[in-house]
Amino acid sequence: MKKRKRSIKFNITLTFSVAMIIVAVLTFLLIRVVAQNVLEANTSQYLMGAVESNVDKIKFTKKKNKKINKITKAVLIKYKDGYLRIDRGFLEEMKDVQIGLYDKDGNILYGNNPLTKDKDIDFVPSFSVSRVYKQSINKTPYYIYDRKMVGKKLNGLWMRGMVPLTNEMNQLATITKIAIMFLPIVIILAILIGLFISKKLLKPVNKMEEAASNISQGSDLKKRIDIGNGTGEIYDLADDFNEMISRLDDSFEAEKRFISDASHELRTPMSVIMAQTELTLEQDRNNEEYKSAIEVINRQGGRMNTLIDTLLDYTRLEQRADEYQMMPIDLSELVTDLCEDMKLIKLKDITLEYDVEPDITISGHKVLLTRMLQNLIDNAYKYGNDNGNIWVTLKNNKENVILSVKDNGIGISEQGVDKIFDRFYREDSSRTHQKRMAYGYGLGLSMVKKIVEMHDANIRVISEEGQGSEFRIYFKN
């Protein structure tokens, strides 16, 4: 069982939904990274500000002034040959920021930093330079700011501030939780929007599919794809489809006419052969009668054979047009040689004259060009009047190379000029019908038109019934 492929609508919806989900996830990750950096930067700045605000609260003094201490409520700590006076408010905790005063060996001199009191915490990094850094302690991230003290008798002292990033982690966890809660909503919205967009985008395509299906099932090439007015690739595609269907319709109609006309042309000689055969077999005949019957059958068989050969030539020309390679051809020489040969025909005492400008060269196929000119001259002989004339000219007017074949024969009616290149077309006026039936099948000029088109040229017919015809072919220079 053939596996059913996923529809375009499904693919568009799926692609759009996945893209929207990826964008949403990436946006969330970006927001989370930015939020984390902002929170940590704010915390770092706050930590540094808290430490710096306590630097001025520490001074060195030689004397122990209890009176001042009682007034200011400062703390005196024995240090070297004097005292460190620490003003009130040094140990005030500011949003979890804890500050301690250390000597250069990392021993705390003053402060209530719990990390230095907890024996289970292995954290006593050496002091080196003033800096802010991040350190995980018992799986809890901290921002730490080591500040080197500068001043009289304060060298060798360090102030360390620490703040846990617990609040920041909680805020990021809240953001993550909210994002996870909204992710299903984003997915549903992405699917709904994808369905809406795919439905809107594929509406013209669905109309095209429906119209194409109706044409295919009904075999009616007169129908066209109508998706309304608009611009874009879809509407261009619909126009291309309609143009393709029109060309197919024209081709099928032409093929139907071709088959019908060919059948009609073959029916006449076949009917004559069958009638002659039945008549001959009705009773015994003498040798002369048999001979006459065989001659009729042979003549009609020849007509059928000629028609079949002509049809095959025309079919090869249509189906293998790309196989004919074009190359530089001396058209002047080709026309002169062919006219010299065909002027010897002298059918109905018609005189062929030619005027050829020398050294005219075009890109073409010699055999096809010969066949084209031969068909035109043949037609001029066939439909010319007794003792008439044929004129062949070849001129170069710088814009085009013009080949003309003109006669003073029976001419073509006004209606016939538009149809003269159709396959099997022959005018059926009572005055010319029998004469034309004797000479051809209406394929010669169709072949001429095809050869002209293969050479990227144009052909024009100038004719008046009873006054003759002229066929002009314009080759590009």
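Our structure is the block above this text.
Residues numbered from 1 in each chain as written. Predicted model: local features only at pLDDT ≥ 70, side-chain atom pairs only at ≥ 80, totals over all residues. Heavy atoms only, no water.

1. Overview of unusual backbone geometry
Most peptide bonds take the trans form, and the phi angle of most residues other than glycine is negative.
So, point 1. Despite not being glycine, K80 has its phi angle at roughly 55°, a positive value.
So, point 2. Along the chain, the position of K80 falls in the loop between β2 (75-79) and β3 (82-86).
So, point 3. Even without glycine at this site, D349 takes up a positive phi of about 55°.
So, point 4. Among the secondary structure elements, D349 is positioned in the loop between α7 (331-342) and β10 (351-356). (Helix = DSSP H or I, 4+ residues; strand = E, 2+ residues; numbered from the N terminus.)

2. Considerations on the nonpolar core
So, point 1. If you look at the biggest cluster of nonpolar residues, it comprises 41 residues, and the most contacted ones within it are L331, V335, M372, I377, L403, I473 and F475.
So, point 2. For this core, the secondary structure elements donating two or more residues are α7, β10, α8 (366-382), β12 (389-396), β13 (400-407), α11 (444-454), β14 (458-464) and β15 (468-476).
So, point 3. By residue number, the principal contributor to this core is α8, which donates 8 residues.
So, point 4. Contact partners of M372, with chain neighbours within four places excluded, come to L403, V448, I451, V452, I473 and F475.
So, point 5. By size, the runner-up hydrophobic cluster in this structure holds 21 residues, among which are I77, Y79, L101 and L157. (Core = buried A, V, L, I, M, F, W, Y, C linked by side-chain atoms within 4.5 Å. Buried < 20%, exposed > 50% of the residue type's maximum accessible area, 1.4 Å probe, protein only. Contact = heavy atoms within 4.5 Å.)

3. Regarding the sheet that holds β14
So, point 1. Pairing is mixed in the open sheet, where 5 strands are placed in the order β10-β12-β13-β15-β14. Here the strands that pair on one side only, and so sit at the sheet edges, are β10 and β14. Going across the sheet, the axis of each strand differs from the next one's by a mean of 10°, ignoring polarity.
So, point 2. Running over the sheet, α7 touches β10, β12, β13 and β15 and is turned about 165° from β10. (Pairing = 2+ DSSP bridges. Axes fitted to C-alpha atoms, helices over the stretch in contact; angles between N-to-C directions.)

4. Re the packing of aromatic side chains
So, point 1. A full pass over the atoms with the stated rule returns 0 aromatic pairs.
So, point 2. In this structure, K78 is placed above the aromatic ring of Y83, and the distance from its NZ or CZ to the ring centre is 5.0 Å.
So, point 3. A cation sits over an aromatic face here: R131 above Y133, 4.0 Å from the ring centre. (Phe/Tyr/Trp six-rings, centres within 6.5 Å; stacked < 30°, edge-to-face > 60°. Lys NZ or Arg CZ within 6 Å of the ring centre and 35° of its normal.)

5. Topic: the packing of α7 against α8
So, point 1. Two elements in contact, α7 and α8, have axes separated by 11 Å at closest approach and are oriented at 40°. Viewed along their axes, α7 and α8 adopt a mutual orientation that is oblique. Considering how the two elements wind past one another, α7 and α8 form a crossing that is right-handed. Contacts from L331, L334, V335, L338, C339 and M342 of α7 reach α8 at K366, L369, T370, L373, Q374, I377, D378 and Y381. (Parallel < 35°, antiparallel > 145°, perpendicular 65-115°, else oblique. Left-handed = near helix turned anticlockwise from the far one by under 90°.)

6. Considerations on the pairing of β2
So, point 1. Inspection of the sheet shows β2 paired to β3 by 5 bridges, in the antiparallel sense. Paired with I77 across the bridge in β3 is L84.
So, point 2. Connecting β2 to the next strand, β3, in antiparallel fashion are 2 residues, including K80 with a positive phi near 55°.

7. Examining the environment of S17
So, point 1. Mapped onto the secondary structure, S17 falls in helix α1 (residues 8-55).
So, point 2. On a C-alpha basis, the gap between S17 and L189 in space is 8.5 Å, while along the polypeptide they are 172 residues apart.
So, point 3. Leaving out residues up to four positions away in the same chain, S17 has contacts with A190 and I191.

8. Considerations on α8
So, point 1. For α8, which comprises 17 residues, the first-to-last C-alpha distance of 24 Å matches the rise-based estimate of 24 Å (1.5 Å per residue) to within 8%.
So, point 2. Considered for burial, the residues of α8 that qualify are L368, L369, M372, L373, N375, L376, I377, N379, A380 and Y381. (Expected span 1.5 Å × (residues − 1).)

9. As for the sheet that holds strand β7 (residues 140-148)
So, point 1. Taking strand neighbours across the sheet as the criterion, the 5 strands line up as β5-β4-β8-β7-β6 in an open arrangement whose pairing is antiparallel. Each having just a single partner strand, β5 (108-111) and β6 (131-137) make up the two edges of the open sheet. Here the strands of the sheet are splayed against their neighbours by 25° on average, with no regard to which way each runs.
So, point 2. Across 3 bridges, strand β4 (residues 98-102) lies against β5 in antiparallel orientation. Among the inter-strand pairings, L101 is bridged to a residue of β5, identified as Y110.

10. Structural notes on the packing of α8 against α11
Axes are the key here: two packed helices are described by the angle between their axes and the distance separating the axes.
So, point 1. Running from amino to carboxyl end, α8 crosses α11 at an angle of 145°, the nearest separation of the two axes being 9 Å. In this structure, α8 meets α11 at a crossing whose hand is left-handed. Mapping the contact onto sequence places L368, L369, R371, M372, N375, L376 and N379 in α8 and G444, L445, M447, V448, I451, V452 and M454 in α11.
So, point 2. Looking at the contact of α8 with α11, its residues break down into 10 nonpolar, 3 polar and 1 charged. (Nonpolar A, V, L, I, M, F, W, Y, C, P; charged D, E, K, R; others polar.)

11. Re the side chain of S332
So, point 1. Checked against the element boundaries, S332 lands in helix α7.
So, point 2. For S332, a relative accessible area of 5% puts it in the buried group.
So, point 3. From its side chain, S332 meets the backbone nitrogen of D359 in a polar contact 3.4 Å long.
So, point 4. If near-sequence neighbours (up to four positions away) are discounted, S332 is found in contact with V356, E357, P358, D359, I360 and L394. (Polar contact = N/O pair within 3.5 Å; in protein donor to acceptor, adjacent residues only side chain to side chain.)

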